[in-house]
Every structure is written in structure tokens, then in C-alpha cells.
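Inside the fold
Listed below are the residues making up each chain.
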Amino acid sequence: MHGLHAADIAVIALYLVGITVIGVRAGRGLKLSADFFMPRRFGKLFMVMFSFGTGTHSDQAVGVASKIYTSGLSGIWYQWLWLPVTPFYWLIAPVLRRSRAVTTADFFQARYDRSVAMLYAVVGMLNLSINIGMMLLSSGEVISAATRGLMSADLVIALMTVIFVVYGVAGGLSAAIVTDFVQGVLTIVFSFLLLPFILHAVGGMAGLRAAIDDPAKLSVIAPQEIGVFYITIIALNALLGVVTQPHALGNCAAGRTEMDGRVGFMFGNIVKRICTIPWALIGLAAIVYFAQAGRTVEPDKVFGTVAGDFLPRVLPGLLGVFIAALLASVMSSCDAFMISSSALFTENFYRSLAPDRAERHYINVGRVVSDGVVAGGVAFAYWLPGIVAGLEIFWKISAMMAIPFWLGLF
């Protein structure tokens, strides 16, 4: 059975309506622009799910499965590049919070001058546009593949964009954090849902190992492509660049205390490291599954094709749960990226040009800019040649301002 069952449509509709209501209600009573861009009132559990939801999205699952499908298990390092540096998050979180900044550009202005802050704002907005573009593109490809084209990639991108813009513009970062709690749970569901079905189809781990006759495909280290030197360099690049990802400040500073930020930033990312494992196993099992069926699948569509093959046959509505969880994984990041980017423009460009305006005025400017940021992300989604290419572009951009940050800190 292909396509969408009525139960699938009902599940998707329930999620979209529910998350919009939750997000809009979370934004009630905003008075200060700081409340819109950087609320400091959330506890440990919300901060863990916020860090997890913001840092985990479907393009990462698609990218890992795609790379492993073509290159073997070593493709897991396309997301595990942050694994060796995760313990440093415990130290990084209070440093960012103690900067008492609304945006990371404020740090550069305090340490250097306004021109460096504006440079960071430009680079940061470009960074977030690339991220939004990758997430929208990947989710569109996965859902289109899962529904055999019944839901086109264009329709999915438009649907997601409208929903997260509505509640994000209404509630700012508070709405993003509250909705990320729900969406984080759904992202965990998304990560593990397909694994038991495809593993069973290939005979479990034993069948998988027996069917793959190339030892390099089963090795986490592949000297020909992703070797120790490669992993070391991308991990170092990740450590340098994590502090200058614009949304990282919110992950560390939106909690009530330093400890809330520390626990949230570190343990939210540990949950992500765990979720990377089923993504990798799905990509590895797909090598065997599609080879046994005599089928060739585009790498970026592996994840969605597996979902479309198994879930409709298991239970009506299960594909809808998968699609809703996938949408959640994307929207939980796009909303935070959108607010972080609009904060960079409003606080570090506009406020200096139009000082001493009412706080409501700056909130409204942030809302208008949010729409423009998302429009740029959508345009980038259509330009991007592929998910893996987008990840590699993101790595290059995220570290560009890292050296002046660390020099400024020390």
C-alpha cells in the first residue's frame, strides 16, 4: 500500500494544529525585545530538549544515511564530528551565558568594535540561511520519497515554512523553546522508528554483516576517505566553531541559571549522539535491503524510501507519525534559527540606526526580518545541490569567526 491513509493525514493535521497553538500561546505577554530574542527563564528539562531539538534535524539523519549508503559506516562522522568535543560543552555554556549578550555579535562588539560585530552578524545570518535551506530541502526529499510523490517536496517546504513562521513570529524564542519540548520527543521517535523494521528485513545484525562482504563498509574508520586525520580535523573545526553558531547562545543562556544552561547544552547534545546510531544503522541496512531487492535509490532519498516501504504495511497512521516527527525535527531547529538570525539584524544593525524606539517597535522589526530570513532559506533550499554538499558548506562557514572569538576570549 502506497501513499497516505486517512489516519496518516489525521495525525499530521493534529500535529500541525497542536504545535501552532502551543507556540502562539507561549508568546503571550511579550513586552521587551530581550524577551522575544533571549528569555532567561527555562529549567533544565526544557533546556535539554531545546538543545536537542535545535541541534537535531532530519537533514542530519538524511545526510548520515546517504553517506553511509554510498561510503559505509564511516559516514557516521558526518554527525559524530562533535562527539569528541561534547565534554567541552560543560565549560562553554557558562562562558556564553556570562557574556550577558542577547546575540553573539554583542560579544564581538564588546571585545572588539561595532564593525566586527556587524561582520559576525552577516556571517551568522548566512550560516543560518544555509542551515534552514538544508533542513527544508532534506525534509521535502524524505517525505516525497516516503509518500511516493503524493506529497511533493515543494508542498512540504511550503507547509512547514508557514507553520513555524506563524508561531515563531508570534512568540519568539520562548515559543521555540516550548514547542521544542514536544518536537524533541517526536524527533527521538523519528530517529528510532524505522530501525526495527529494516533490520528485521535484512536478518538482523548477523544478516547485515553476512551480506556486506567489503570490510571497509563496516568500519567506522575508512582510511581511503574518512580516516583518523579527517576525523581529527573536523572535530577540531567543530570545537572551534560551535561557539560562533548564532543559536548556541540561546542554548546556553536561555535557562534560569548557569547550571540550567550547562545541563541543557551538554546532555541535549548527548541525546543527539545516541540518536545518530539508528540513523547510521538504517543507512547500512539500506545497502543490503535495496541490493537484495535489485533496486537503486538516490542516496538523499534512502531514509524516506525505507519509511515508505515499511510503515504503511505495518499500521495505518504510522507513516503519519513518521512524517509528523520528521516535520517536528525540522521545525524545532528552523524556528530557533529564524529568531537568532532576526536578532542579529535587529539588535546589531537596526537598533544602532534607529535607537531609542519603543520595545514593541524592535519586536515588530524582528518579526518582519524573520520572514525575510526564512525566504532566504527557502531560496537556498532550491539552489543547494545535495544534503552532503550543504553539510560541508556549513562546516566551512561555522568556523570563520571562531578564531577571533577564542582570541577575544583569552
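If you're wondering where the values come from, they're calculated on a predicted model, not measured in any experiment.

Let us look at the overall build of the protein chain. Of the regular secondary structure elements, the protein chain holds 19 helices and 0 strands. When contacts within the protein chain are restricted to residue pairs at least 6 apart in sequence, those whose partners lie at least 24 apart make up 87%. Just so you have it, the protein chain exposes about 15300 Å², and 68% of that area is on carbon and sulfur atoms. Positive and negative charge centroids in the protein chain, built from 27 and 22 side chains respectively, lie 8 Å apart.

With respect to the helices and strands, the residue Thr 305 is situated in helix 15 (residues 302-314). For Thr 305, a relative accessible area of 10% corresponds to the buried category. Among the polar contacts listed, one links the side chain of Thr 305 to the backbone oxygen of Lys 301, at a separation of 2.6 Å. Once residues within four sequence positions are removed from consideration, Thr 305 is found in contact with Ala 145, Arg 148, Phe 290, Arg 295 and Val 297.

On to the packing of helix 7 (residues 104-111) against helix 8 (residues 114-146). Running from N to C, helix 7 and helix 8 point in directions that differ by 155 degrees, and their axes come no closer than 7 Å. Taken as axis vectors, helix 7 and helix 8 run roughly antiparallel relative to one another. Viewed along their axes, helix 7 and helix 8 form a crossing whose handedness is right-handed. Residues Thr 104, Ala 105, Phe 108 and Gln 109 of helix 7 form the contact with helix 8, whose participating residues are Arg 114, Val 116, Ala 117 and Tyr 120.

Turning our attention to helix 12 (residues 228-241). Spanning 14 residues, helix 12 covers 20 Å between terminal C-alpha atoms, matching the ideal 20 Å at 1.5 Å per step. Along helix 12, the positions that sit buried rather than exposed are Ile 231, Ile 234, Ala 235, Ala 238, Leu 239 and Gly 241.

So, about empty space enclosed by the protein. Taken as a whole and assessed by the stated rule, the structure comprises 5 cavities of 30 Å³ or more. Of the volumes computed, that of the largest cavity is approximately 240 Å³. Secondary structure elements with two or more residues in the lining of the largest cavity: helix 3 (44-55), helix 8, helix 13 (248-253), helix 14 (258-293) and helix 18 (387-398). If one sorts the elements of the lining of the largest cavity by residue count, helix 14 sits on top with 4 residues. The residue makeup of the lining of the largest cavity, split by class, is 9 nonpolar, 11 polar and 2 charged. If you add up the space inside the second largest cavity, you get close to 80 Å³. Lining the second largest cavity, in full, are Phe 37, Met 38, Val 102, Thr 103, Thr 104, Leu 173, Pro 246, Leu 249, Gly 250, Ser 340, Ala 343 and Leu 344. Secondary-structure elements contributing two or more residues to the lining of the second largest cavity are helix 13 and helix 16 (318-353). In terms of residue count, the dominant contributor to the lining of the second largest cavity is helix 16 (3 residues).

Parameters at a glance
Residues numbered from 1 in each chain as written. Predicted model: local features only at pLDDT ≥ 70, side-chain atom pairs only at ≥ 80, totals over all residues. Heavy atoms only, no water. Helix = DSSP H or I, 4+ residues; strand = E, 2+ residues; numbered from the N terminus. Contact = heavy atoms within 4.5 Å. Areas by Shrake-Rupley, 256 points an atom, 1.4 Å probe, with all protein chains shown as cover. Lys, Arg positive; Asp, Glu negative; His and termini not counted. Charge placed at Lys NZ, Arg CZ, Asp CG, Glu CD. Buried < 20%, exposed > 50% of the residue type's maximum accessible area, 1.4 Å probe, protein only. Polar contact = N/O pair within 3.5 Å; in protein donor to acceptor, adjacent residues only side chain to side chain. Axes fitted to C-alpha atoms, helices over the stretch in contact; angles between N-to-C directions. Parallel < 35°, antiparallel > 145°, perpendicular 65-115°, else oblique. Left-handed = near helix turned anticlockwise from the far one by under 90°. Expected span 1.5 Å × (residues − 1). 1 Å grid on protein atoms, 1.4 Å probe; cavity = no way out; pocket = protein on both sides within 12 Å on 5 of 7 lines; lining within 4 Å. Points joined across faces, edges and corners; volume = space filled by probe spheres on them. Nonpolar A, V, L, I, M, F, W, Y, C, P; charged D, E, K, R; others polar.

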